[in-house]
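If you want the building blocks of each chain, they are given just below.
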Amino acid sequence: MPDTPAPFGRYFLPGPVEVRPDLLAVMLRPMITHRGPEMAALLRRMQPQLQALFRTKRPVLMATSSATGLMEAAVRGGVEHRVLVAVGGYFGERFARVAEACGKEVIRVMVPEGRSLGADQLERFLDGPEVDAVALVHSETSTGALAPLEALASVVRKQRDVMLLVDAVTSVGGSPVETDAWDLDFVFTGTQKALGLPPGLALGVASERFMERAAARPERGWYLDALQLDEAARTDRPIQTPSLPLVFALAHQLDRIEANGGVTARWEAHRRMQAIVEQWADAHAECTLLAPHGHRSSTVSAVRLPAGRSAQDVVAAMAGRGWSVATGLPPLEDTVIRMGHMGDADSGALGAMLQDLGKVVGQV
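Model, not experiment: these values are computed from the prediction. (Residues numbered from 1 in each chain as written. Predicted model: local features only at pLDDT ≥ 70, side-chain atom pairs only at ≥ 80, totals over all residues. Heavy atoms only, no water.)

For any two helices packed against each other, the geometry is given by the interaxial angle and the distance between the axes. Where helix α3 (residues 67-78) contacts helix α4 (residues 90-101), the two axes come as close as 9 Å, and the packing angle between them is 50 degrees. Classified by the angle their axes make, α3 and α4 are oblique. The handedness of the crossing between α3 and α4 comes out as right-handed. Together, Thr68, Met71, Glu72 and Val75 of α3 and Phe91, Arg94, Phe95, Val98 and Ala99 of α4 make up the contact between the two elements. Residue composition of the contact of α3 with α4, by class: six nonpolar, one polar and two charged. (Axes fitted to C-alpha atoms, helices over the stretch in contact; angles between N-to-C directions. Helix = DSSP H or I, 4+ residues; strand = E, 2+ residues; numbered from the N terminus. Parallel < 35°, antiparallel > 145°, perpendicular 65-115°, else oblique. Left-handed = near helix turned anticlockwise from the far one by under 90°. Contact = heavy atoms within 4.5 Å. Nonpolar A, V, L, I, M, F, W, Y, C, P; charged D, E, K, R; others polar.)

Along the polypeptide, Ala41 turns up in helix α2 (residues 37-54). Placed 196 residues apart in sequence, Ala41 and Arg237 show a C-alpha to C-alpha distance of 9.9 Å.

General note: in soluble globular proteins, nonpolar side chains tend to be found buried as a group. Core analysis: the biggest nonpolar cluster contains 53 residues, and Met46, Leu122, Val134, Leu164, Leu184 and Leu250 have the highest contact counts within it. The element that contributes the greatest number of residues to this core is helix α9 (residues 244-259), accounting for nine residues. Excluding anything up to four places from it in sequence, Leu250 contacts Met46, Leu50, Met62, Leu195, Leu197, Leu201 and Leu203. Within the second largest apolar cluster, 36 residues are counted, among which are Ala63, Cys102, Ala133 and Ala206. (Core = buried A, V, L, I, M, F, W, Y, C linked by side-chain atoms within 4.5 Å. Buried < 20%, exposed > 50% of the residue type's maximum accessible area, 1.4 Å probe, protein only.)

Glancing now at the side chain of Ser298. Positionally, Ser298 belongs in the loop between β10 (288-289) and β11 (300-304). Relative accessible area serves as the criterion here: at 6%, Ser298 is assigned to the buried category. For Ser298, the side chain forms a polar contact with the side chain of Gln274, separated by 3.0 Å. Apart from residues lying up to four places away in sequence, Ser298 is in contact with Gly174, Ser175, His270, Arg271, Gln274 and His341. (Polar contact = N/O pair within 3.5 Å; in protein donor to acceptor, adjacent residues only side chain to side chain.)

Now for the side chain of Arg256. In this structure, Arg256 sits in helix α9. Excluding residues within four positions of it along the chain, Arg256 makes contact with Arg20, Asp22 and Asp344.

Right under this line is the structure:
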């Protein structure tokens, strides 16, 4: 381990993202009892800010887990028998495997890498075998593709009693997610992405429809039971000991977001970083963004390297220059590099990193 940490602004992994020093410092404050009045007051103060983040009037659920924990909660509470899962990358496949591990029948809709399911396609698939839920990834971290969530939600809402479960891990806080306006049933994220915090807390919102179905599901578990998490959010009383340092950091970050124009300003900052990456890709024809124009995530980009270039070699060469980027996820680990431009990443540092990346790609 190095004696001194690298300077802030050199870390462009697609998660966990780099964390501001002031946020790390907040995590060192003394512990408090999670069942006392100080904790209740803190959670009560945070709830409206979390609702603004998700664009909802529903309670925002909090679990001490990775976002995959709430993915499982979504399946256990929201799927009765059969779920249609859009699989356009690594995390779409994870959603399908979690559902299967929970004993649900899964219909996979396979989407080409870098692409996302279209509303017209979903409408045709829903004319097939009957399902009681649709699960999808809004921003696919493995490919940088952004699904047209509003349009997809509109298709699902035409169906009778079909839940829409949304992995918004790299979109909440980084691009528009209108939980109430789009009538989403269960949407979740993790702290280590666009919120710019360490990993360890999962946040989500469940619709009233979802809660009614979950109440009738005896196998929804205990630790990640959406009903218990909802009760905790409504009463400001965690049902188990949360990660207090992360709660402190989240409260501090929510105050920062509010003081700097709210979530819409954060969306715009991420859009500016996305534009920088797109301009770089346009100027480097030998490199190709997997996601097509108009369907690209504002928070993460996946770049296909020129033939013969090794993603591992590029990542190693970038590390030698002091930058952290990632290879692709299976099956793209040899041909694709991924970069996260989210959280509190800086546009100037992103531009400098891309300048070095252009040089490395030409040399490796």
